[in-house]
Amino acid sequence: MSLIEKGLSRILDAKIFLVAGEEVRNVFKTMKFKFLLFVMSLPILIHLLAPSEMGDSVGGIPGFFQRLAGDTILNYWTAWAAQILVVFLAADMIAGEEEKDTLKILLTKPVRKSDILLGKILGFLIYIGFITTFVLTSFSLVLIWQEGGDYDDYWEISLKYLVPGEFVVLIGLFTVASLSIMLSAGMKRSLYAGLTGLLLVFGHSIFGPILFGAESITTFEFTLAYQLGVLLEQFYVLAPNKNLYEGDPLTAFTILTSLNFIFLSIALFLFYRREVT
Amino acid sequence: MRLLLFNILFIFIILNSVCINDSHSTVGLSDVEIQKNNNGDTFFFEGIPYPLLLSPSNSTTFPFNLKKGVPYAVLLGGEYISNLHDLDLRIFDENLTQIESVDSSKGKMTQIPSFVPEYNGTYYFVIDFNPNGDGIAICSLLIATLLENTSKSFYLGANGNSSSYFCYAINVKSHPKEKMKISLSVEQNLAAEIRLYPFTLVNDQKKFIPTDSNRGGSFQYSKATKKGETLSCSIELDQRNNDPVFDEWILVTTHLLYGEGEATLNISYEEIPEDWERWAIHGVVFILSLVIFLVFAIFGEKYIR
């Protein structure tokens, strides 16, 4: 059997979706997930209760949505509050199973280790994708209702701006999560993996600009937040007449996705070598 | 083994960071002597006279002191210029002999992309409102030095008004695959703004507004300094993508925000790599990391113990 045939049969035999389904079912019941959903929904509640802010905004309701949702994506939905929760959710993925002694049971089942990890990652993507879609769609509906928009505004926002916004939130949160998954695969305790993940994520954001002599944290290019801004500005007009985040979106996308692949490869390597006693 | 893996990861992150900061060949800057812009005469030189109201059959004259052999962009424009207006431009030398004339049709913007004086001295720029036109135009003239790579220092704010422009014109088509990098440094007691105005003859709607910012502006890009700050911005002049914003000319103006002092403007160009080069480099990085991941996912379990 050739290497390609072996690979194909390996993919067809995979029980990733089984594990992913189980992971999604389990996570939906946890307090961490409900808390994350609540935290992510807070901007919707705030805009629901706050008075209209649009005024004579450039670009009408879609333009206002781009600026408001863009600001919320970069400063809230992918910022520290969401990052902390995502780091701890992802840190629980492998190390948490071992703490609860359920990893042993999982490994006795006729499922490969790679399927377990990849299934859990897929499950994670599904429920983060669900949260992202829910909050961005609700946010747009609240905004349209509050500012008195019509069906044209709704279709324009839905077709042009929702998917790019979801994509940026997803890639931002998944980058933080893949780092945390890698640590979770290599550490015994989920708390240690979560704290190390936080230290790396926030340490880079805070000490990176100092080490590289940047003028301020917000203008430092080599941070996740800045590169997400570069990506988002490709789809959204964040400020009229100027670019807030100068950079190459193709480079930002390549770096973020390749970083994710490398983190997950290391996670797989550490998980294969993990001995469960 | 874990230490080795983290080292590899660290090197990968560093390489990626270098990739983000991918530097291209920077063209050297030419030195230009410091020019203080602290009196009325030099303010209007390389600048914009206050706009005047013109109606059909009226004309107005702006004298300018120009330097021999220096290429200037001469642009006629104004606020609320519509298709009703028919504005023509004529240039006279100091003997009042007409040396250049542009008769544009109704509503078209008038410009002389490159005017090179033959002597040091005064030239008279006459704006004629053609009798074929209609309405009242608020129009003015802009004389800008055509810029290539430059570094220039000048004084802003001495006149106590907000219209302290320094204007430069850049022909985008002369830099078809380049990125223009602009940086502005200001002294501790000065804050200023860079503004980029696009205009073109192709689209009649694009016009510059040679007045102060209080009248509103049609600039497409602006970035402001704080006191004593250096800011930089870059604009791609890549005509391969038919950029709809900066498609023929860019006016770079420095605009006083508050204070008074010396500002230094640097303009340089970097080559933009070909599209296929960018896609190839990024594609290789992406595919390489994807292959590593797939190999680990599909075959890793069998070989890693």
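Treat the numbers as computed from the prediction; the structure is a model and nothing was measured. (Residues numbered from 1 in each chain as written. Chains lettered and ligands numbered in written order. Predicted model: local features only at pLDDT ≥ 70, side-chain atom pairs only at ≥ 80, totals over all residues. Heavy atoms only, no water.)

**Brief notes about the overall build of chain A**
Phase 1: Looking only at helices and strands, chain A features twelve helices and zero strands.
Phase 2: Going from N to C terminus, chain A has its helices and strands arranged as α-α-α-α-α-α-α-α-α-α-α-α.
Phase 3: Residues classed as buried in chain A amount to 55% of the 277 residues present.
Phase 4: Looking at chain A alone, contacts between residues at least 24 apart form 78% of all its contacts between residues at least 6 apart.
Phase 5: For chain A, the exposed surface amounts to about 13,000 Å²; the carbon and sulfur share of it is 67%. (Helix = DSSP H or I, 4+ residues; strand = E, 2+ residues; numbered from the N terminus. Buried < 20%, exposed > 50% of the residue type's maximum accessible area, 1.4 Å probe, protein only. Contact = heavy atoms within 4.5 Å. Areas by Shrake-Rupley, 256 points an atom, 1.4 Å probe, with all protein chains shown as cover.)

**Remarks on the overall build of chain B**
Phase 1: Each helix and strand counted, chain B has three helices and 16 strands in total.
Phase 2: Put simply, chain B has 305 residues, and 48% of those count as buried.
Phase 3: Taking the intrachain contacts of chain B between residues at least 6 apart in sequence as the baseline, contacts between residues at least 24 apart amount to 82%.
Phase 4: Accessible area for chain B stands at about 14,700 Å²; split by element, carbon and sulfur atoms hold 55% of it.

**Focus: helix H11 (residues 224-233) of chain A**
Every α-helical turn comprises 3.6 residues, leaving residues that sit three or four positions apart pointing alike.
Phase 1: Counting buried positions over the ten residues of H11 of chain A gives nine, a clear majority of the element.
Phase 2: Within the span of H11 of chain A, buried status applies to Leu 224, Tyr 226, Gln 227, Leu 228, Gly 229, Val 230, Leu 231, Leu 232 and Glu 233 of chain A.

**Considering the nonpolar core**
Phase 1: If you look at the biggest cluster of nonpolar residues, it comprises 87 residues, and the most contacted ones within it are Met 40, Phe 65, Ile 73 and Phe 124 of chain A.
Phase 2: Once residues within four sequence positions are removed from consideration, Ile 73 of chain A is found in contact with Thr 78, Leu 136, Gly 165, Val 168, Val 169, Leu 232 and Tyr 236 of chain A.
Phase 3: In terms of nonpolar packing, the next biggest core, distinct from the first, is built from 24 residues, Leu 156, Tyr 168, Ile 194 and Leu 256 of chain B among them. (Core = buried A, V, L, I, M, F, W, Y, C linked by side-chain atoms within 4.5 Å.)

**Re a positive patch on the surface**
Phase 1: On the surface, Lys 6, Lys 15 and Arg 112 of chain A together with Lys 302 of chain B cluster together to form a positively charged patch.
Phase 2: By the element assignment, Lys 302 of chain B lies in helix H3 (residues 275-303). (Patch = residues over 30% accessible without salt bridge, like charges linked within 9 Å, V, L, I, M, F, W, Y side chains within 5 Å. Salt bridge = Lys/Arg side-chain N within 4 Å of Asp/Glu carboxyl O. Lys, Arg positive; Asp, Glu negative; His and termini not counted. Charge placed at Lys NZ, Arg CZ, Asp CG, Glu CD.)

**Details of the pairing of strand S11 (residues 178-186) of chain B**
On a regular strand, one side chain projects to one face of the sheet and the next to the other, so that they alternate.
Residues and elements named next belong to chain B.
Phase 1: As paired strands, S11 and strand S16 (residues 261-271) are joined by nine bridges and run antiparallel to one another. From the neighbouring strand, Ser 185 faces S16, where its bridge partner is Thr 264.
Phase 2: Where S11 and strand S14 (residues 230-236) come together, seven bridges link them in antiparallel fashion. Counted as the bridge partner of Ile 182 is Cys 233 from S14. (Pairing = 2+ DSSP bridges.)

**Side note on the packing of aromatic side chains**
Residues and elements named next belong to chain A.
Phase 1: Taken as a whole, this structure holds 21 aromatic pairs over all chains when the rule is applied.
Phase 2: Note on Phe 28 and Phe 130: the rings are 5.7 Å apart at their centroids and 85° apart in plane angle, and the pair reads as edge-to-face. Taken together, the residues span a long stretch of sequence, with Phe 28 in helix H2 (residues 16-29) and Phe 130 in helix H8 (residues 113-146) at a distance of 102 residues.
Phase 3: Owing to a relative accessible area of 33%, Phe 28 belongs among the partly exposed residues under this scheme.
Phase 4: Accessibility expressed as a relative area gives 40% for Phe 130, which makes it partly exposed.
Phase 5: An angle of 85° between the planes, with centres 5.8 Å apart, marks the rings of Phe 33 and Tyr 127 as edge-to-face. (Phe/Tyr/Trp six-rings, centres within 6.5 Å; stacked < 30°, edge-to-face > 60°.)

**Regarding a nonpolar patch on the surface**
Residue and element names in this part refer to chain A.
Phase 1: On the surface, a cluster of nonpolar side chains totalling about 700 Å² of accessible area is made up of Phe 35, Phe 38, Leu 45, Leu 48, Leu 49 and Trp 145.
Phase 2: Top element by residues in the nonpolar patch is helix H3 (residues 31-49). It accounts for five residues.
Phase 3: Within the secondary structure layout, Phe 35 lies in helix H3.

**A look at the packing of H2 of chain A against H8 of chain A**
Residue and element names in this part refer to chain A.
Phase 1: Relative orientation of the contacting elements H2 and H8 amounts to 50°, with a least axis distance of 7 Å. Here H8 runs oblique to H2, going by the angle between their axes. The hand of the H2/H8 crossing is right-handed. Residue-level inspection shows Ile 16, Phe 17, Val 19, Ala 20, Glu 23, Val 24, Val 27 and Phe 28 of H2 in contact with H8, the latter providing Asp 115, Ile 116, Leu 118, Gly 119, Lys 120, Leu 122, Gly 123, Ile 126, Tyr 127 and Phe 130. (Axes fitted to C-alpha atoms, helices over the stretch in contact; angles between N-to-C directions. Parallel < 35°, antiparallel > 145°, perpendicular 65-115°, else oblique. Left-handed = near helix turned anticlockwise from the far one by under 90°.)

**Quick notes on the side chain of Arg 274 of chain A**
Residue and element names in this part refer to chain A.
Phase 1: Note that Arg 274 resides in the segment after helix H12 (249-273).
Phase 2: Here the side chain of Arg 274 touches Met 187 through a polar contact of 2.9 Å, landing on its backbone oxygen.
Phase 3: Setting aside residues up to four positions removed in sequence, Arg 274 forms contacts with Ile 94, Ala 95, Glu 98, Leu 103, Lys 113, Ser 184, Ala 185, Gly 186, Met 187 and Lys 188. (Polar contact = N/O pair within 3.5 Å; in protein donor to acceptor, adjacent residues only side chain to side chain.)

**Points about the pattern of salt bridges**
Phase 1: Using the criterion set out here, one finds ten salt bridges over all chains in the structure.
Phase 2: Between Glu 98 of chain A and Arg 274 of chain A there is a salt bridge whose closest N-O contact spans 2.4 Å. Of this pair, Glu 98 of chain A sits in helix H6 (residues 95-99) while Arg 274 of chain A sits in the segment after H12, and the two are 176 residues apart along the sequence. You'll find Glu 98 of chain A and Arg 274 of chain A in the same group, each marked buried.
Phase 3: Between Glu 270 of chain B and Lys 181 of chain B there is a salt bridge whose closest N-O contact spans 3.6 Å. Taken together, the residues Glu 270 of chain B in strand S16 and Lys 181 of chain B in strand S11 connect sequence positions 89 residues apart.

**Some details on the environment of Glu 178 of chain B**
Phase 1: Tracing the backbone shows Glu 178 of chain B in strand S11.
Phase 2: For Glu 178 of chain B and Glu 271 of chain B, which are 93 residues apart along the polypeptide, the C-alpha to C-alpha distance reads 4.4 Å.

**A word on H8 of chain A**
Phase 1: The terminal C-alpha atoms of H8 of chain A, which comprises 34 residues, lie 49 Å apart, in line with the 50 Å expected from a rise of 1.5 Å per residue.
Phase 2: Downstream of H8 of chain A by a residue or two, Gly 148 of chain A has a phi angle that is positive, lying close to 70°. (Expected span 1.5 Å × (residues − 1).)

**A look at the sheet that holds S16 of chain B**
All names here are of chain B.
Phase 1: With antiparallel pairing, the four strands of this open sheet are ordered in space as S9-S16-S11-S14. In this open sheet, the two edge strands, each paired with only one partner strand, are strand S9 (150-156) and S14. Taking each pair of neighbouring strands and ignoring which way they run, the sheet shows an average axis angle of 20°.

**A closer look at the sheet that holds strand S7 (residues 121-129) of chain B**
Residue and element names in this part refer to chain B.
Phase 1: Reading across from one edge, S2-S7-S4-S5 is the order of the four strands in this open sheet, with antiparallel pairing throughout. The outermost strands of the open sheet, each flanked by one partner alone, are strand S2 (59-66) and strand S5 (98-103). Each neighbouring strand pair of the sheet contributes to a mean axis angle of 20°, computed without reference to strand direction.

**Considering the confidence of the model for chain B**
All names here are of chain B.
Phase 1: Residue-level pLDDT values for chain B average 67, and 59% of them are 70 or greater.
Phase 2: Least confident of the elements in chain B is helix H2 (residues 40-44), whose mean pLDDT is 29; most confident is H3, at 88.
Phase 3: Contacts of residues 14-47 to residues separated by more than four positions or lying in other chains number 74 contacts, the stretch itself having pLDDT below 50.
Phase 4: As a predicted assembly, this complex carries a pTM of 0.63 together with an ipTM value of 0.85. (pLDDT = per-residue confidence, 0-100.)

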